[in-house]
Amino acid sequence: MKTIAIDFETANEQRGSACSVGLAWIEDDRVVRVEERLIRPKDMRFSSFNIAIHGIRPEHVEDAGEFPEVMDEFADDFRGATMIAHNAAFDFSVWRSCLDLYRQDYPDLSYLCSVKMAQKVWPHLGSHKLNILAGHLGLTFAHHNAAEDAAICAEAALAIARSLRVSEVRDVPVAIGMRPGRLFANGYDPCTCRKK
């Protein structure tokens with residue numbers, strides 16, 4: 001069973017404008033691989049607001065593949081994987097919107113939201129943003145770089161699993177009353193958490 005953290009950056013306010021994806025693979029209670037790929041958005045419209053957040057400009061992605069080509073490289077990794085994203089509602093809406101834009105089927109996988117996990121496990125933190133969690137865990141990173149965001153998401157998920165004394169990140173949902181989200185050929189189910 002594979003566990004992979006994922007993070008997208010977008011070129012503008014449209015969810016289908018992914019311009020970068022970061023991935024971090026978890027095996028044996030540690031992050032074993034981190035990858036980033038730039039993505040050429042279909043319409044190449046970059047907003048100054050988004051550029052100010054992540055620093056990716058149109059000239060950076062001119063020679064990059066479009067979404068289907070980039071994500072196809074990792075299709076075997078995604079198959080049957082448990083994915084994790086920090087604020088999964090955003091990242092998985094980006095994934096779905098891009099697939100919709102290119103009229104592609106959704107992959108079959110389940111996913112967890114590390115924000116919801118952190119809220120359950122560390123309710124005392126004033127915020128559960130990725131940079132706050134990184135500080136809580138004593139980690140430094142370049143925020144809004146997709147690869148570094150994915151790696152911190154993965155590290156946070158591992159720390160949550162350890163604090164709950166469960167052996168795998170994918171065992172966290174049972175411990176906290178979370179229902180994993182799912183992508184499947186004809187749609188999706190969101191990741192939800194039971195109220196106290």
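Residues numbered from 1 in each chain as written. Predicted model: local features only at pLDDT ≥ 70, side-chain atom pairs only at ≥ 80, totals over all residues. Heavy atoms only, no water.

The name recorded for the protein in an unreviewed UniProt entry is DNA polymerase-3 subunit epsilon, from Ensifer adhaerens.

J.: Can you break down the packing of aromatic side chains residue by residue, with the values?
T.: For the structure on display, the rule yields seven aromatic pairs. Ring centres of Phe8 and Trp95 lie 6.2 Å apart, and the angle between their planes is 65 degrees; on these two criteria the pair is classed as edge-to-face. In this pair, Phe8 sits in strand β1 (residues 3–10) while Trp95 sits in helix α5 (residues 88–101), placing the two residues 87 residues apart along the sequence. Across the ring face of Trp25, the terminal group of Arg33 is positioned such that the distance to the ring centre comes to 3.7 Å. Lying across the ring of Tyr188, Arg96 places its NZ or CZ 3.5 Å from the centre. (Phe/Tyr/Trp six-rings, centres within 6.5 Å; stacked < 30°, edge-to-face > 60°. Helix = DSSP H or I, 4+ residues; strand = E, 2+ residues; numbered from the N terminus. Lys NZ or Arg CZ within 6 Å of the ring centre and 35° of its normal.)

J.: Tell me about the sheet that holds strand β7 (residues 181–184), and please be specific about residues and values.
T.: Taken in spatial order, the seven strands of this open sheet run β3-β2-β1-β4-β5-β7-β8, and their pairing is mixed. Since the sheet does not close on itself, it has two edges, and those belong to β3 (30–38) and β8 (187–189), each with one partner. With strand direction ignored, the average angle separating the axes of adjacent strands in the sheet is 25 degrees. Taken together, the eight bridges between strand β2 (residues 18–27) and β3 define a ladder with antiparallel strand orientation. Bridged to Ser20 within β3 is Leu38. Running over the sheet, α5 touches β1, β2, β4 (82–85), β5 (109–113), β7 and β8 and is turned about 75 degrees from β1. The strands touched by helix α6 (residues 114–121) are β4 and β5; relative to β5, the strand with the most contacts, the crossing angle is about 45 degrees. (Pairing = 2+ DSSP bridges. Axes fitted to C-alpha atoms, helices over the stretch in contact; angles between N-to-C directions. Contact = heavy atoms within 4.5 Å.)

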